[in-house]
Amino acid sequence: MALRSVRKARGCWSSIRALHKGPGAVPAAQKDGMKRVFSGIQPTGIPHLGNYLGAIEGWVPEHAQLSWILSCMVRLPRLQHLHQWKAKTAKQKHDGTVGLLTYPVLQAADILLYKSTHVPVGEDQVQHMELVQDLARGFNTKYGEFFPVPKSILTSMKKVKSLRDPSAKMSKSDPDKLATVRITDSPEEIVQKFRKAVTDFTSEVTYDPASREGVSNMVAIHAAVTGLTVEEVVQHSIGLDTAHYKLMVADAVIEKFAPIKSEIKKLKMDQDHLEKVLQAGSAKAKELAYPVCQEVKKLVGFL
Ligand SMILES: Nc1ncnc2c1ncn2[C@@H]1O[C@H](COP(=O)(O)OC(=O)[C@@H](N)Cc2c[nH]c3ccccc23)[C@@H](O)[C@H]1O
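Residues numbered from 1 in each chain as written. Predicted model: local features only at pLDDT ≥ 70, side-chain atom pairs only at ≥ 80, totals over all residues. Heavy atoms only, no water.

A.B. asks: I'm lost on the side chain of His-118 in this one. Help?
C.D. replies: Inspection of the secondary structure assignment puts His-118 in strand β3 (residues 118-120). Within the local environment of His-118, its side chain forms a polar contact with the side chain of Thr-117, the two groups lying 2.8 Å apart. (Helix = DSSP H or I, 4+ residues; strand = E, 2+ residues; numbered from the N terminus. Polar contact = N/O pair within 3.5 Å; in protein donor to acceptor, adjacent residues only side chain to side chain.)

Below, the structure is given as C-alpha cells:
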C-alpha cells in the first residue's frame, strides 16, 4: 500500500481540520470548489523503524478496511480485464497472486478514503482510475451521495518512454538498468544512459512520435525538463546530430535533478526531521481517514 502524500489545494487544510476533530467526527462533505489532491507511489526499498512508526502503522486499518468493503462491490472479471493485471500476470507465467489482482481496489480505497477529488497519475493508471470512478459511483448509487468521483490529472509527460525500448514506458522494475533514469543517478550515469539511448539512423532532431519514437522521447523529455515547448526545443537543436543532442538532453536532466538531489541528501542527513514529518503526515491522514471509514461502515450496516 502506498500512501505517500495527502496534499491540499492552498488554504484547504484549515477548513478540513475544522471539520475533522479526530476519531468520531463527521466526515467532511466536499464543498463546492474544495479540491483534495491525493497521489501515491509503490514503496521500494526496505522501510525503517521511522517509516513504520511514523506512517505505515497508521495507514493499515482504514485502507485495508475500506479496500475489503469495496472489493465486495466489484466483480472478478472487472479486475481480470485490467491491462496491468494481464501484462503482469503474463510476465509471471499466468501465476499472478490475488494481491496483484486486487491491488487496484486497494488503490481505490487509498483515494476514496480521503474523499479525493483529483489524482495526479501517469497514463498507465488511467484504467485503474476508471475503476475508482466506477466504485465511487456504484457506492453512491447504492448508499446515497457520499464519495466525490475523482478525476485524473495527467501531465504532458503522461508516458515517459524507456531509453532502451521507446515503444515501452520507463519503469522502475525494468531489468535493463540503462532503460530508466533514476532521480538519484550520478551525472556520469545519466550521461551514459542518454548516450546509449535507442534512437534511429536519421541524425537530424525532429519530433514525430509515430515514426521516430526514440528521438521524440528525447525531445519530449528535453521540453519537460527545460519548460520549453517541443517546437522551441526542436528549433534550438537545428544543426545538431542525435548523438550530440542526446548529451544536451542529459545535461538538461542533470540540471533539473541537481536541486532535488541536494534536497534528498540534506533530508537524509536529518532523520529526526524526517520522522517528525512522517508522524505529522500520519496523524493528518488518520484524522481524515478514520471518520470517513466509520461513516462507510455505518452506511453499509457494519456499525
Ligand atoms: N513512464 C512513466 N511515465 C509517466 N508516468 C509514470 C511512468 N511510470 C510511472 N508513472 C506514474 O508514476 C506514479 C507512480 O508509479 P507507480 O508504478 O509506483 O504507481 C503505482 O503502482 C500505484 N499503484 C501507486 C498508488 C497506490 N495508491 C495510489 C493512489 C493514488 C495514486 C497512485 C497510487 C503513477 O502515477 C504512475 O502512473
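A.B. asks: Teacher, can you tell me more about the domain arrangement of the protein here?
C.D. replies: When cut into domains, the protein gives domain 1 (58-157 + 281-296) and domain 2 (187-268). Using C-alpha coordinates to define each centre, domain 1 is positioned 34 Å away from domain 2. (Domains from an automatic or database assignment.)

A.B. asks: For this particular structure, what's the right way to read the nonpolar core?
C.D. replies: Nonpolar side chains tend to gather and get buried jointly when the protein is soluble and globular. Among the nonpolar cores identified, the biggest contains 33 residues, and Leu-66, Leu-70, Phe-147 and Val-296 are the most heavily contacted of them. Elements represented by at least two residues in this core include exactly α2 (49-71), α5 (98-112), α6 (126-143) and α11 (271-300). Here the element with the most residues in this core is α5; it accounts for 7 residues. Setting aside chain neighbours within four positions, we find Val-296 in contact with Leu-66, Ile-69, Phe-139, Phe-146 and Phe-147. (Core = buried A, V, L, I, M, F, W, Y, C linked by side-chain atoms within 4.5 Å. Buried < 20%, exposed > 50% of the residue type's maximum accessible area, 1.4 Å probe, protein only. Contact = heavy atoms within 4.5 Å.)

A.B. asks: How should the side chain of Ser-116 be read in this particular structure?
C.D. replies: For Ser-116, the location among the structural elements is in the loop between α5 and β3. Engagement of the side chain of Ser-116 in a polar contact is seen with the backbone oxygen of Ile-111, the distance being 2.8 Å. Once residues within four sequence positions are removed from consideration, Ser-116 is found in contact with Arg-36, Phe-38, Ile-111, Pro-148 and Pro-150.

A.B. asks: I tried to follow the pattern of salt bridges on my own but got confused; where do I start?
C.D. replies: As a working rule, side chains carrying opposite charge can pair if their charged atoms are close by. For the coordinates displayed, the defined rule picks out 11 salt bridges. The residue Lys-169 makes a salt bridge to Asp-124 at a minimum N-O spacing of 2.8 Å. Highlighted residues: Lys-169 in the loop between β4 (151-153) and α7 (187-195) and Asp-124 in the loop between β3 and α6, separated in sequence by 45 residues. One salt bridge connects Asp-134 with Arg-137, and the closest N-O pair in it is separated by 3.4 Å. (Salt bridge = Lys/Arg side-chain N within 4 Å of Asp/Glu carboxyl O.)

A.B. asks: Sorry if this is basic, but what is going on with α11 here?
C.D. replies: Because the α-helix completes a turn every 3.6 residues, residues three or four places apart line up on one side. With 30 residues, α11 should cover 44 Å at 1.5 Å per step; its first-to-last C-alpha distance of 42 Å lies within 8% of that length. Ser-282, Ala-285, Glu-287, Leu-288, Ala-289, Pro-291, Val-292, Cys-293, Val-296 and Lys-297 are the residues of α11 that are buried. In the stretch just after α11, Gly-301 is the one whose phi turns positive, near 95°. (Expected span 1.5 Å × (residues − 1).)

A.B. asks: Explain helix α4 (residues 83-91) to me, please; I cannot follow it from the model alone.
C.D. replies: Three or more residues of α4 are buried, namely Gln-84, Trp-85 and Thr-89. Mapping the buried residues of α4 onto a view down its axis gives an arc of 115°, with all of them on the same face. α4 presents His-83 and Lys-91 as exposed residues on the side facing more than 90 degrees away from its buried surface. Taken together, the buried residues of α4 touch α3 (76-80), α5 and α6. (Arc of directions from axis to C-beta.)

A.B. asks: Quick question: what am I supposed to make of the confidence of the model for the protein here?
C.D. replies: Segments scoring low in pLDDT should not have their predicted coordinates read at a detailed level. When pLDDT is averaged across the protein, the result is 85; 83% of the residues are at 70 or more. Confidence over residues 1-29 falls short of pLDDT 50; this stretch has 66 contacts with residues more than four positions distant or in other chains. Overall fold confidence (pTM) sits at 0.83, and the ipTM for the predicted complex is 0.97. (pLDDT = per-residue confidence, 0-100.)

A.B. asks: In this structure, what is going on with the site of the ligand? I would like to understand it.
C.D. replies: The full set close to the ligand counts 21 residues, and Gln-107, Asp-110, Gly-122, Asp-124 and Val-160 are the nearest of them. Within the backbone of Gly-122, one N or O atom sits 2.8 Å away from an oxygen atom of the ligand. Put simply, the parts of the chain that give the shell around the ligand at least two residues each are β2 (36-40) and α5. If one sorts the elements of the shell around the ligand by residue count, α5 sits on top with 4 residues. Taken together, the residues that form the shell around the ligand break down as 10 nonpolar, 5 polar and 6 charged. (Near = heavy atom within 4 Å. Nonpolar A, V, L, I, M, F, W, Y, C, P; charged D, E, K, R; others polar.)

A.B. asks: Before we go on, may I ask you to explain the packing of aromatic side chains in this structure?
C.D. replies: Two measures describe an aromatic ring pair: the distance that separates the ring centres and the angle between the ring planes. Under the criterion given, the structure shown has 4 aromatic pairs. For the pair Phe-139 and Tyr-143, a centre-to-centre distance of 4.7 Å together with 45° between the ring planes defines the contact as tilted. On the criterion of helical spacing, the pair formed by Phe-139 and Tyr-143 is a turn pair, its members being 4 residues apart in helix α6. Taking the relative accessible area as the measure of exposure, Tyr-143 reaches 25% and is therefore partly exposed. These aromatic residues form a ring-pair network of at least three members: Phe-139, Tyr-143, Phe-146 and Phe-147. Over the aromatic face of Phe-146 sits the side chain of Lys-115, whose NZ or CZ is 4.0 Å from the ring centroid. (Phe/Tyr/Trp six-rings, centres within 6.5 Å; stacked < 30°, edge-to-face > 60°. Lys NZ or Arg CZ within 6 Å of the ring centre and 35° of its normal.)

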